[in-house]
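Next come the chains, spelled out residue by residue.
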Amino acid sequence: MNTTPSITDTVMNMVSQSIQVLTKPSVETFEQYENKGTLREAVIYVLVAAVITGLFNLGSGIGAFLNGIIFTIVGFLIFTYLVHYVGKTQGGSGTLDNVAYTFALFWAPINVLFAVASLILLITVIGIFLIPLLAIAALVINVYFAYLAVQSSMNLRESGKIWITLAVAFVGTLVANLLISGILR
């Protein structure tokens with residue numbers, strides 16, 4: 001008997017959990033869900049979000065669509081692996097499953113919402129000028145939720161250790177993406 005939930009069940013459960021995380025942001029809310037899934041479910045959820053956001057950019061071609069999905073998944077995996085690894089060096093005790101699942105709960109829906117909002121702004125003349133502000137807002141929101149997620153998933157409470165974990169994961173992911181971009185060119 002297969003006890004692994006279907007992709008549809010996984011996504012629907014995670015959407016429900018994401019709504020809770022986004023509307024009641026706290027370490028406690030994240031902790032309520034951090035053990036509800038694994039890296040597998042996190043990757044499925046991020047993949048679905050990448051496909052949805054990619055559909056908004058399909059006008060750029062199928063190659064751009066596929067590259068966007070690949071970069072999204074690879075970037076997510078690198079980032080969560082680095083958060084887990086660096087968090088452990090900072091005294092954290094979470095698992096990779098906890099980190100990936102927790103980060104997917106906020107990252108995937110925020111990414112989709114940003115893509116929808118960008119598309120809406122793009123089709124208006126004045127809205128085009130607001131896209132950089134939207135990008136800054138999305139970054140700030142992601143950093144806020146990432147800070148909470150590290151506290152929850154890695155069980156870190158010291159602010160300095162949390163910022164070190166996030167900064168190293170960010171820089172490491174940026175370097176990896178630049179290297180991958182260079183290879184794919």
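You'll find the structure just up there.
Remember, predicted model here, so these are calculated numbers, not experimental data.

**Comments concerning the side chain of Q90**
Here is step 1: Checked against the element boundaries, Q90 lands in the loop between helix 4 (62-89) and helix 5 (96-122).
Here is step 2: According to the relative accessible area criterion, Q90 is buried, its value standing at 19%.
Here is step 3: When sequence neighbours within four positions are dropped, the list of residues in contact with Q90 reads L156, K161, I164 and T165.

**Remarks on the packing of helix 4 against helix 5**
Here is step 1: Direction vectors running N to C along helix 4 and helix 5 enclose 130 degrees, while the axes themselves pass 9 Å from each other. One finds that helix 4 runs oblique with respect to helix 5. Where helix 4 crosses over helix 5, the handedness of that crossing is right-handed. Residues T72, F76, F79, T80, Y81, V83 and H84 of helix 4 lie in contact with helix 5, whose contacting residues are L96, V99, A100, F103, A104 and W107.

**With respect to the packing of aromatic side chains**
Here is step 1: What the rule picks out here adds up to eight aromatic pairs.
Here is step 2: The interplanar angle of 45 degrees and the centroid separation of 6.3 Å between the aromatic rings of F76 and W107 together place this pair among those described as tilted. In this pair, F76 is assigned in helix 4 and W107 in helix 5, connecting sequence segments 31 residues apart.
Here is step 3: Classification of W107 by relative accessible area gives partly exposed; the value is 22%.
Here is step 4: Ring centres of Y144 and F145 lie 5.4 Å apart, and the angle between their planes is 75 degrees; on these two criteria the pair is classed as edge-to-face.

**Section: the packing of helix 1 (residues 7-23) against helix 5**
Here is step 1: Packing of helix 1 against helix 5 leaves a shortest axis separation of 9 Å and a crossing angle of 85 degrees. When the axis of helix 1 is compared with that of helix 5, the two are roughly perpendicular. Along the contact surface, helix 1 presents M14, Q17, S18, V21 and L22, while helix 5 presents Y101, A104, L105, F106, P109 and I110.
Here is step 2: A per-class count over the contact of helix 1 with helix 5 returns nine nonpolar, two polar and no charged.

**Describing a nonpolar patch on the surface**
Here is step 1: Residues I52, F56, V116, L119, I120, L122, I123, I126, I128 and F129 make up a contiguous nonpolar surface patch of roughly 950 Å² in combined accessible area.
Here is step 2: Of all the secondary structure elements, the ones that give two or more residues to the nonpolar patch are helix 3 (39-56) and helix 5.
Here is step 3: Broken down by element, the residue count for the nonpolar patch peaks at four residues, all from helix 5.

**Side note on the environment of T38**
Here is step 1: Locating T38 in the fold gives a position in the loop between helix 2 (27-33) and helix 3.
Here is step 2: Here the alpha-carbon distance between T38 and T95, two residues 57 residues apart in the chain, equals 9.4 Å.
Here is step 3: Here the side chain of T38 touches E41 through a polar contact of 2.2 Å, side chain to side chain.

**Digging into the pattern of salt bridges**
Here is step 1: Per the counting criterion, the structure on display carries three salt bridges.
Here is step 2: A salt bridge links E31 to R157, with the shortest nitrogen-to-oxygen separation between them at 2.9 Å. Taken together, the residues E31 in helix 2 and R157 in the loop between helix 6 (131-153) and helix 7 (159-184) connect sequence positions 126 residues apart.
Here is step 3: Accessibility expressed as a relative area gives 29% for E31, which makes it partly exposed.
Here is step 4: According to the relative accessible area criterion, R157 is partly exposed, its value standing at 49%.

**Brief notes about unusual backbone geometry**
Here is step 1: Look at N155: it is not a glycine, yet its phi comes out positive at around 55 degrees.
Here is step 2: For N155, the location among the structural elements is in the loop between helix 6 and helix 7.

Definitions and limits used
- Residues numbered from 1 in each chain as written.
- Predicted model: local features only at pLDDT ≥ 70, side-chain atom pairs only at ≥ 80, totals over all residues.
- Heavy atoms only, no water.
- Helix = DSSP H or I, 4+ residues; strand = E, 2+ residues; numbered from the N terminus.
- Buried < 20%, exposed > 50% of the residue type's maximum accessible area, 1.4 Å probe, protein only.
- Contact = heavy atoms within 4.5 Å.
- Axes fitted to C-alpha atoms, helices over the stretch in contact; angles between N-to-C directions.
- Parallel < 35°, antiparallel > 145°, perpendicular 65-115°, else oblique.
- Left-handed = near helix turned anticlockwise from the far one by under 90°.
- Phe/Tyr/Trp six-rings, centres within 6.5 Å; stacked < 30°, edge-to-face > 60°.
- Nonpolar A, V, L, I, M, F, W, Y, C, P; charged D, E, K, R; others polar.
- Patch = residues over 30% accessible without salt bridge, like charges linked within 9 Å, V, L, I, M, F, W, Y side chains within 5 Å.
- Areas by Shrake-Rupley, 256 points an atom, 1.4 Å probe, with all protein chains shown as cover.
- Salt bridge = Lys/Arg side-chain N within 4 Å of Asp/Glu carboxyl O.
- Polar contact = N/O pair within 3.5 Å; in protein donor to acceptor, adjacent residues only side chain to side chain.

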